[in-house]
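Read off the chains here:
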Amino acid sequence: MSLPTKSVAELNRFLKEEYIQEQRENEFFDHINGLRTTKSILRPSLSASASTDDLSENVPLIFDPNQDEIIRECNNYKQNEREKLEVDAQYYDSVLISKLACEQILNHSIEGNRIEVMGMLLGMTVASQFIIFDSFKLPVQGTETRVNAQSESYEYMVQYVSEFAQKNNNIVGWYHSHPDYNCWLSNIDMTTQDLNQSYQDPYLAIVVDPIKSLKEKKICMGAFRTIKENDVLQSYQLPLYVFDSALNKLVDETTLNLKISNINLNGEYLLLKNLLDNMKQVSNYNELVEEDVQNLRSRTSERNNKFRIYDSPRENPRNKDASAHIPLLDRGHRNKSTSSLLHLMSSGNEESDIDMERDSSSGIEFDLGSASSSLYTVMDAPGPTTTSSLSHFPQLPVQNTRRTDVAQRDLENNLLSGTERSNMESETHVIDYEKHSLKNNHSGTINNVTMALQKGQLRSNYISSKQALFRLKIEEYKKLRFYKDAFTL
Amino acid sequence: MDYSINMDSNVMYSVNYEYENDLNSLSESELVPQCYLLLGQVQNGKDITISRNIKIPITLEAVTSEFGFDDKNLEMKIELIRVTEPNLDVIGLLLVNPKVFDYDSIMHRLMERIVILFRYEADNKLECYVKMINDFKLVDFQYKFNSVQVMNSKEDKKGGNISTYEKHQLEETNYRNVVEKLIIRINTTLNYLQKSEEPNDLILRKISMIISGLKRPVTEDIEKEIINHENEIKLLEIVLNQWEMTVSD
């Protein structure tokens, strides 16, 4: 790519086109999520669901379906008889609030400045959700830490609702401000809320902090209800989602607000580290595969050497030390029994020597010429070996016969833990011959498939980490170019 | 006389909510007649701020087939609003879909109390007129937004949940919108300067400040930063390509 010749808009398009694949992946996951959950326009999607962090920060989340769809859904909603019955205290689980109501509440609290203000929420409940469409101020005189509605406020409330509330809309809660002391329910607030919940449920409390909102330039608002646990009054917070009207676009379009995405500087280090980890994993994988091939080659040549027919046992380098107690194999006594061969495979083992001695002493013939083929005959043979028969050749200590399995396990560990292992330990793995012999016919194919999958996985990890790093770098670059262009006319 | 008209964005949000509500209640109709009384303040006879709206409960007169309304009910609504916002006065009227519906009878009854008139074609355009001696004159107006934005953008509210693709799309749309709006504003400014015989001093000063801001050069180190970034990207590309070749061997 030739970066200097590209304009900022081209860079932006380039970045977008590069990551169409990502969108498709998201679409796929959305589809899967859609299959998992029953879709309702009044239910926030999984991607927009509130996390604990969102709740603690008191930041309302955006809600995709617009006001028109929500109004239609609410008009069509027939309240279920069951919902009219006494419901669980924590039955209500989320709040949808219109942008209009949010702005009204915020403006009222900003007008109040350091003095607490109070008002009412107009809307309805749909199943376990509060839908707030509108709000209005109450004529109350608050202080910096307290605000109370008197009897005249209640009269005003009744009059206002009868004159202004839309069909289906009722008072579903109240709001008040906490200037500069965040959004939560104090003991007095909890008592008020509990009283309202007892007599006119469904009822919701919204708390807004105008000072913090002004400082942070984003609304600080929380929705709460109370619950009694062991006679102790407690409050719980409900996730708050803001919805907008498509018609408001005409108003919002008049604002000139250019947002430039913030780039997390720490992200570059993490992405680079991730890329290097993935590269190491690919290298390790390749090394292990190569090592496996070499092992197979060396084993074959070793086996060939092992079964080379020496004219004299002394010529065999392996027998130099052991020659004293290893009886000379008589070419005339070739053993068809595979057990001897298997024990021979584990040369250097004292037991094998004894067995070999026993076998040789028993005068069974050992076919050196067919040794190699005998090994595979054993492996391939679907012998009904039982645990008891393992005393004969129950377990075959095979050195690196299935090294790929070891490599795969280690790679899986690497992938899971995210740490690389530069040196693979040489391990001797005991393979259950019973299982092995049964599976052996298919194991080659399975291993090939597993290896191909692993290779694919490593490749895809590498590519995605590479793309993420490039994306970040190009975004940084684009930002710089934008600043340069903005000041060069 | 130069008027300065500011309308609280909440007024239009409220109008749109009421409009959508009526539209959904009267499903057989695609357009609904609506008329709003606008409340606000007028300072120095030319600075107008609109802060609230009241939906006029219009009825269709059986005899004349014209729109009418209940005066007492409207007065009660105005008084209810004034309980919490005593500074507000009736200053205007907002007519929804005026090309389709005839609001002359309502305007005639309220003409004495209003100074401005808004004509709103829902989802299309909003025009502002100021009452002159015998007529209404089309004027510009501005929305008044809160400095704290409730729904700044999808990206802000969704936080980490927004996909990279979506983010790029939003950025690109936002960028294009801003450029288009800037072009409109520049053209309006040029138009004003060309047509106005005695331009307002305040406006001239603002234009001068913008131009001096545009003359500001880029920082000295930006070129170096750009070259560094280009080199980093190239270097990374070369290193990774070489490594990929080694691995594929």
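Here is what the cut-offs are and how they apply
Residues numbered from 1 in each chain as written. Chains lettered and ligands numbered in written order. Predicted model: local features only at pLDDT ≥ 70, side-chain atom pairs only at ≥ 80, totals over all residues. Heavy atoms only, no water. Helix = DSSP H or I, 4+ residues; strand = E, 2+ residues; numbered from the N terminus. Buried < 20%, exposed > 50% of the residue type's maximum accessible area, 1.4 Å probe, protein only. Contact = heavy atoms within 4.5 Å. Areas by Shrake-Rupley, 256 points an atom, 1.4 Å probe, with all protein chains shown as cover. Pairing = 2+ DSSP bridges. Salt bridge = Lys/Arg side-chain N within 4 Å of Asp/Glu carboxyl O. Axes fitted to C-alpha atoms, helices over the stretch in contact; angles between N-to-C directions. Left-handed = near helix turned anticlockwise from the far one by under 90°. Nonpolar A, V, L, I, M, F, W, Y, C, P; charged D, E, K, R; others polar. pLDDT = per-residue confidence, 0-100. Arc of directions from axis to C-beta. Core = buried A, V, L, I, M, F, W, Y, C linked by side-chain atoms within 4.5 Å. Phe/Tyr/Trp six-rings, centres within 6.5 Å; stacked < 30°, edge-to-face > 60°. Lys NZ or Arg CZ within 6 Å of the ring centre and 35° of its normal. Parallel < 35°, antiparallel > 145°, perpendicular 65-115°, else oblique. Polar contact = N/O pair within 3.5 Å; in protein donor to acceptor, adjacent residues only side chain to side chain.

1. Notes on the overall build of chain A
Piece 1. Secondary structure summary: chain A contains 17 helices and 11 strands in total.
Piece 2. Counting all 489 residues of chain A, 44% fall into the buried class.
Piece 3. Considering only contacts in chain A between residues 6 or more positions apart, those separated by 24 or more positions represent 76%.
Piece 4. Accessible surface computed for chain A: about 26,600 Å², of which carbon and sulfur atoms make up 50%.

2. Concerning the overall build of chain B
Piece 1. Of regular secondary structure, chain B possesses 7 helices and 10 strands.
Piece 2. The buried share among the 249 residues of chain B stands at 41%.
Piece 3. Considering only residue pairs separated by 6 or more positions, chain B has 53% of its internal contacts joining residues 24 or more positions apart.
Piece 4. Taken as a whole, chain B presents about 14,600 Å² of accessible surface, with 51% of it coming from carbon and sulfur.

3. Things to note about unusual backbone geometry
Residues and elements named next belong to chain A.
Piece 1. One non-glycine residue, Asn-230, lies in positive phi territory at about 50°.
Piece 2. Turning to its location among the elements, Asn-230 is positioned in the loop between β7 (221-229) and β8 (232-238).
Piece 3. The residue Asp-231 is not glycine, and still its phi comes out positive at about 65°.
Piece 4. One can find Asp-231 in the loop between β7 and β8.
Piece 5. Judged by relative accessible area, which is 73%, Asp-231 ranks as exposed.

4. Some points on the pairing of strand β2 (residues 34-43) of chain B
Residue and element names in this part refer to chain B.
Piece 1. Taking burial as the measure, the 10 residues of β2 include 7 buried ones, the bulk of the element.
Piece 2. Summarising the sheet, β2 and strand β6 (residues 89-96) pair through 7 bridges and their orientation is antiparallel. Paired with Tyr-36 across the two strands is Leu-94, which belongs to β6.
Piece 3. Counted along the chain from β2 to the antiparallel partner strand β3 (residues 47-55), the turn is 3 residues long, and its residue Asn-44 has a positive phi close to 55°.

5. Overview of the pattern of salt bridges
Piece 1. If you walk through the whole model with that rule in mind, you get 18 salt bridges over all chains.
Piece 2. Across the pair B:Lys55 and B:Asp22 runs a salt bridge, and its minimum N-O distance is 2.8 Å. Highlighted residues: B:Lys55 in strand β3 and B:Asp22 in helix α1 (residues 9-25), separated in sequence by 33 residues.
Piece 3. On the basis of relative accessibility, which here comes to 22%, the residue B:Lys55 falls in the partly exposed class.
Piece 4. It is possible to trace a salt-bridge network through shared partners that takes in A:Glu111, A:Lys137, B:Arg52 and B:Glu85.

6. A look at the packing of helix α6 (residues 99-112) of chain A against α1(B)
Between two packed helices, both the angle of their axes relative to each other and the distance between the axes serve to describe the pair.
Piece 1. Their axes nearest at 9 Å, the elements α6(A) and α1(B) cross at an angle of 145°. The element α6(A) and its partner α1(B) pack so that their crossing is left-handed. Where α6(A) abuts α1(B), its residues A:Lys99, A:Leu100, A:Glu103, A:Gln104 and A:Asn107 lie against B:Asn10, B:Tyr13, B:Ser14 and B:Tyr17.
Piece 2. Here the residues of the contact of α6(A) with α1(B) sort into 3 nonpolar, 4 polar and 2 charged.

7. What about the confidence of the model for chain A?
Piece 1. Per-residue confidence for chain A gives a mean pLDDT of 66, with 53% of residues at or over 70.
Piece 2. Across residues 319-439 of chain A, confidence stays below pLDDT 50; counting only partners more than four residues off in sequence or on other chains, it has 147 contacts.

8. Considerations on the sheet that holds strand β7 (residues 116-121) of chain B
Residues and elements named next belong to chain B.
Piece 1. One open sheet accounts for 8 strands, arranged β9-β8-β7-β6-β2-β3-β1-β10; its pairing is mixed. The two strands at the open ends of the sheet, each matched to only one other strand, are β9 (136-139) and β10 (142-144). Within the sheet, the average angular offset between the axes of one strand and its neighbour, ignoring direction, is 35°.
Piece 2. Pairing between strand β8 (residues 125-131) and β9: 4 bridges, direction antiparallel. What sits directly across from Lys-131, in β9, is Phe-136.
Piece 3. Helix-sheet contacts for helix α2 (residues 71-84) involve β2, β3 and β6, and the interaxial angle to β3 is about 120°.

9. A few points about helix α4 (residues 67-76) of chain A
Piece 1. Taken residue by residue, α4(A) has A:Gln67, A:Asp68, A:Ile70, A:Ile71 and A:Cys74 as its buried positions. Taken around the axis of α4(A), the buried residues stretch over an arc of 165°, which confines them to a single face.
Piece 2. Residues of α4(A) that are buried sit in contact with β2 (94-98), β3 (118-126), β4 (129-137) and β9 (240-243) of chain A together with α1 of chain B.

10. Focus on the nonpolar core
Piece 1. A:Phe136, B:Ile5, B:Ile50, B:Leu93, B:Leu94 and B:Phe118 are the most contacted members of the largest nonpolar core, which has 84 residues in total.
Piece 2. Apart from residues lying up to four places away in sequence, B:Phe118 is in contact with B:Ile5, B:Met7, B:Leu38, B:Ile50, B:Leu93, B:Leu94, B:Leu95, B:Leu126, B:Glu127, B:Cys128 and B:Phe141.

11. Focus on the packing of aromatic side chains
Piece 1. One pass over the full model with this rule turns up 17 aromatic pairs over all chains.
Piece 2. Aromatic pair A:Tyr92 and A:Phe130: ring centres 4.8 Å apart, planes at 45°, arrangement tilted. Placement of the pair is A:Tyr92 in the loop between α5 (81-84) and β2 and A:Phe130 in strand β4, with a sequence separation of 38 residues. The same class applies to A:Tyr92 as to A:Phe130, namely buried.
Piece 3. Ring geometry for A:Phe133 against B:Tyr17: centres 5.5 Å apart, planes inclined by 15°, an arrangement best described as stacked. Here the residue A:Phe133 occupies a position in strand β4, and B:Tyr17 occupies one in helix α1, the pair thus bridging two chains. Judged on exposure class, the residue A:Phe133 and its partner B:Tyr17 are both buried.
Piece 4. Counting every residue linked through ring pairs, the aromatic cluster contains A:Phe136, A:Tyr156, A:Tyr160 and A:Phe164.
Piece 5. Across the ring face of A:Phe164, the terminal group of B:Lys77 is positioned such that the distance to the ring centre comes to 5.5 Å.
Piece 6. Its end group placed over the ring of B:Phe69, B:Arg109 keeps NZ or CZ at 4.0 Å from the ring centre.

12. Some words on the packing of α4(A) against α1(B)
Piece 1. With their axes 10 Å apart at the nearest point, α4(A) and α1(B) run at an angle of 45° to one another. In this view, α4(A) runs oblique relative to α1(B), as classed from their interaxial angle. In this structure, α4(A) crosses over α1(B), and the sense of that crossing is right-handed. On α1(B), the residues that touch A:Gln67, A:Asp68, A:Ile71, A:Arg72 and A:Asn75 of α4(A) are B:Asn16, B:Tyr17, B:Glu20, B:Asn21, B:Asn24 and B:Ser25.

13. Some thoughts on the confidence of the model for chain B
Piece 1. Summarising the model, chain B shows a mean pLDDT of 82, and 90% of its residues fall at 70 or more.
Piece 2. In the predicted complex, the global pTM is 0.59; the interface-specific ipTM is 0.73.

14. Regarding the environment of B:Lys55
Piece 1. Sequence separation between B:Lys55 and B:Leu93 is 38 residues, and the spatial gap between their C-alpha atoms is 10.0 Å.
Piece 2. Ignoring sequence-local partners within four residues, the contact set of B:Lys55 consists of A:Gln166, B:Glu18, B:Asp22, B:Gln34, B:Cys35, B:Tyr36 and B:Lys77.
Piece 3. Polar contacts involving the side chain of B:Lys55 include one to the side chain of B:Asp22, which spans 2.8 Å.

15. Observations concerning the pairing of strand β1 (residues 4-8) of chain B
Residue and element names in this part refer to chain B.
Piece 1. Two elements, β1 and β3, share 4 bridges in a ladder whose sense is parallel. Looking across to β3, one finds that Ser-4 is bridged to Asp-47.
Piece 2. Of the pairings in the sheet, the one linking β1 to β10 comprises 3 bridges and is parallel in character. Residue Asp-8 lies in a different strand from β10, and its bridge partner there is Lys-144.

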